[in-house]
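# Report on the structure
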Amino acid sequence: MTQTPFDTIAAVSTPAGEGGVGIVRISGDKALSIIQELFSPHKKGRSVTNRDSFTMSLGYIKDKEKIIDEVLVSIMRKPHTYTREDIVEINCHGGAVAVNEVLRLVLKEGARLADPGEFTKRAFLNGRIDLAQAEAVLDIVKAKTHRSLKTAIEMLKGELSEKINHLSSTLQEILILLEANIDFSEDEDIPHIEYNKIKNQLLKIKDELEQLISSFDTGKIYRDGLLTVIAGKPNVGKSSIMNAFLRFDRAIVTPIPGTTRDIITEQLNIDGVPFILADTAGITETDSVVEIEGVKRSKSYMNLAGLLLLVFDGSEELDERDIDIAKGAQSIPHLTVVNKIDLSQKLDIDDLVKKTRISTPPVYLSAKNGTGLEELEMKMLEHVRSGSGGGDYSLILTNTRHYNILIKATGELEHALKAVQQRKGAELLAFDVRSAMDILGEITGRVSSKDILDDIFSNFCIGK
Ligand SMILES: Nc1nc2c(ncn2[C@@H]2O[C@H](COP(=O)(O)OP(=O)(O)OP(=O)(O)O)[C@@H](O)[C@H]2O)c(=O)[nH]1
Ligand SMILES: [Mg+2]
């Protein structure tokens, strides 16, 4: 892609509010002349714009003769910059007022306030990164844990793009073969289409796409967290378990059944995987209006859960409520937890397993002294990992847009495979193969519309 004649943009690139430094970033052809106008270096006679790329200069930003702030100015000359345009960054060390005042002056000198994500959008439009990589930048900014950060960085390195480009070029090869066939005029001997070869190639591509698609569930968990609902009858120790996980007393714990009335959620990271823990009201028959509402909410949360921690009290005999809850939960992914193992045990877990189809073996836990907590955490991790098909973490799909594209592309491949099976002509086959290829191109932005771009970049913060 060629350098496009963009205007010069500027924004504050650090978060709003008080901080040690605030950075105003300028990108575009006027970046250098703007800083030349506003900056007066401490070293007299040294013009900031004559300095080498990637150097910093100390001095003042002045509004005519009035000093606004003492700043460090970095100069980065095109094309080796984030946007492939000239970039100037002004590190202000005054507070928010100074940063905004500096920005105001920069805009007065002819820059325009950047839209959200516009710096990254330029990096894309100027061909420095592809669309999947631009989206990775956004994911990195928003990463919740080091695990989600890791998958985003892999995407930024271009691993997903590489894979997609590889699959696209295989489709391209098939297409070339087919088009050669179409171009034969009618009176020549038409070479026969190698249906079997094409079929095998298409199947292989479809297989790889499906593998990526199946990593999405795990990818989504890495990005957004897995909703993990702690459920059970009153007083089994659900809130105590929540607190044990968090290592602080988040939820109220009392010996009185029916303590928790509302849903309490908190994020827990286990080995970098985010779990959204939800402590619920104990499920029971009750006359209390407040408790009835609590139970209703618990039940609807159970149905939303990606994972249930189904808690039973080891120090109590099994009762009907345990059985009812277990029956309601058996079709939801769950881990069975027997709590209060520090007390003398009365629960007949075998009886419970006989009467319901809950998963075994249970984790034996004491929320009170922490026994079994680590084992429970390991099992929760295992649950997430087994969902990804067991192990290849090198490439995990985290982005819903990519997921939808892959589903669509797989559909086109299925079309093509059907056409192969029916021994359809080259023209029809080529049509399906080309659609699949075009759809895949939407991931890296080789094929993209203005709407898609606007949609993606509007999710960025200003200044990125
Ligand atoms: N000995 C012992 N007591 C526990 C343990 N876990 C919870 N308890 C006690 O059991 C009682 C109930 O605990 P909660 O955590 O409030 O139980 P809950 O399931 O949240 O109860 P509701 O909110 O009423 O549904 C409290 O007195 C806790 O101290 C445990 O592992 N061992
Ligand atoms: Mg509770």
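Computed from a predicted structure; not experimentally measured.

### Some words on the site of ligand 1
- Taken together, the neighbourhood of ligand 1 is formed by 23 residues, with Gly-237, Ser-239, Ser-240, Thr-260 and Gly-282 sitting nearest.
- Tallied by class, residues from the shell around ligand 1 come to eight nonpolar, 11 polar and four charged.

### A few points about the sheet that holds strand S10 (residues 273-279)
- One open sheet accounts for six strands, arranged S9-S10-S8-S11-S12-S13; its pairing is mixed. Each of the sheet's edge strands pairs with one partner strand only, and the pair in question is strand S9 (264-270) and strand S13 (363-364).

### With respect to the pairing of strand S4 (residues 55-63)
- Where strand S3 (residues 39-41) lies against S4, three bridges are found, and the strand directions are antiparallel. Of the residues in S4, the one forming a bridge with Ser-40 is Tyr-60.
- With nine bridges connecting them, S4 and strand S5 (residues 66-76) associate as antiparallel partners. Looking across to S5, one finds that Lys-62 is bridged to Ile-67.
- From the end of S4 to the start of S5, which pair antiparallel, there are two residues, and Lys-64 there has a positive phi angle of about 55°.

### Describing the packing of helix H5 (residues 146-156) against helix H8 (residues 216-224)
- Two elements in contact, H5 and H8, have axes separated by 8 Å at closest approach and are oriented at 120°. Judged on the interaxial angle alone, H8 and H5 are oblique. At the point where H5 passes H8, the crossing takes the left-handed sense. Facing H5, whose interface residues are Arg-147, Ser-148 and Thr-151, H8 presents Gly-219, Tyr-222 and Arg-223.

Criteria and thresholds
- Residues numbered from 1 in each chain as written.
- Chains lettered and ligands numbered in written order.
- Predicted model: local features only at pLDDT ≥ 70, side-chain atom pairs only at ≥ 80, totals over all residues.
- Near = placed C-beta within 6 Å.
- Nonpolar A, V, L, I, M, F, W, Y, C, P; charged D, E, K, R; others polar.
- Pairing = 2+ DSSP bridges.
- Helix = DSSP H or I, 4+ residues; strand = E, 2+ residues; numbered from the N terminus.
- Axes fitted to C-alpha atoms, helices over the stretch in contact; angles between N-to-C directions.
- Parallel < 35°, antiparallel > 145°, perpendicular 65-115°, else oblique.
- Left-handed = near helix turned anticlockwise from the far one by under 90°.
- Contact = placed C-beta atoms within 7 Å.

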